[in-house]
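Commentary on secondary and tertiary structure
What follows is each chain in one-letter form.
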Amino acid sequence: MKLKIEILNTLSQIGDYLMPQRALQTELQISLSPPPTMAEVDLAVRQLEGDGYIIGVTNALTQQKRWKISDRGRAALAEAQG
């Protein structure tokens with residue numbers, strides 16, 4: 001759960017900009033102790049996207065995925081932070 005909240009927090013800090021998946025993974029590995037594995041980040045991101053808390057956009061040419069927080073994600077983060 002801590003990882004999912006940190007993903008939402010990280011994406012909320014950049015507003016409506018899209019964060020590349022690699023940058024998100026790097027940020028999470030720096031900010032969390034112990035650092036999450038890429039597999040853990042990938043799983044958490046897929047779950048958050050499936051629940052509608054984040055939105056993923058894939059570049060058609062590079063196939064790179066970029067993420068931003070949704071309104072539902074902002075609400076969930078505010079609730080989690082009390």
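Each remark here, short or long, concerns the structure printed above.
For the structure given in this document, a descriptive report is provided here.

Here is what the cut-offs are and how they apply
- Residues numbered from 1 in each chain as written.
- Predicted model: local features only at pLDDT ≥ 70, side-chain atom pairs only at ≥ 80, totals over all residues.
- Heavy atoms only, no water.
- Salt bridge = Lys/Arg side-chain N within 4 Å of Asp/Glu carboxyl O.
- Helix = DSSP H or I, 4+ residues; strand = E, 2+ residues; numbered from the N terminus.
- Buried < 20%, exposed > 50% of the residue type's maximum accessible area, 1.4 Å probe, protein only.
- Pairing = 2+ DSSP bridges.
- Contact = heavy atoms within 4.5 Å.
- Axes fitted to C-alpha atoms, helices over the stretch in contact; angles between N-to-C directions.
- Left-handed = near helix turned anticlockwise from the far one by under 90°.
- Nonpolar A, V, L, I, M, F, W, Y, C, P; charged D, E, K, R; others polar.

This brings us to the pattern of salt bridges. If charged atoms from side chains of opposite charge come close, those side chains can pair. One pass over the full model with this rule turns up 3 salt bridges. Of the charged contacts in the structure, one is a salt bridge between Arg74 and Asp16, with a shortest N-O distance of 3.1 Å. Of this pair, Arg74 sits in helix 4 (residues 71–80) while Asp16 sits in the loop between helix 1 (2–12) and strand 1 (19–20); the two residues are 58 residues apart in sequence, bridging distant segments of the chain. When its relative accessible area of 57% is taken as the criterion, Asp16 is described as exposed. With a shortest N-O distance of 3.3 Å, Arg74 and Asp71 are connected by a salt bridge. You can see Arg74 and its partner Asp71 sitting in helix 4, 3 residues apart, about one turn around the helix.

Let us look at the sheet that holds strand 1. Taken together, 3 strands build an open sheet; the order of strands is 1-3-2 and the sheet is antiparallel. The open sheet has two edge strands with one neighbour each: strand 1 and strand 2 (54–58). Pairing of strand 2 with strand 3 (residues 65–69) involves 5 bridges; the strand directions are antiparallel. Bridging across to strand 3, Ile54 finds its partner in Ile69. The sheet contacts of helix 1 involve strand 1, strand 2 and strand 3, and relative to strand 3 the element is tilted by about 90 degrees.

Our focus in this paragraph is the packing of helix 2 (residues 21–31) against helix 3 (residues 38–50). Direction vectors running N to C along helix 2 and helix 3 enclose 115 degrees, while the axes themselves pass 10 Å from each other. You can see that helix 2 and helix 3 cross each other, and the crossing is right-handed. Contacts from Gln21, Arg22, Leu24, Gln25, Leu28 and Gln29 in helix 2 reach Met38, Val41, Asp42 and Val45 in helix 3. Taken together, the residues of the contact of helix 2 with helix 3 sort by class into 5 nonpolar, 3 polar and 2 charged.

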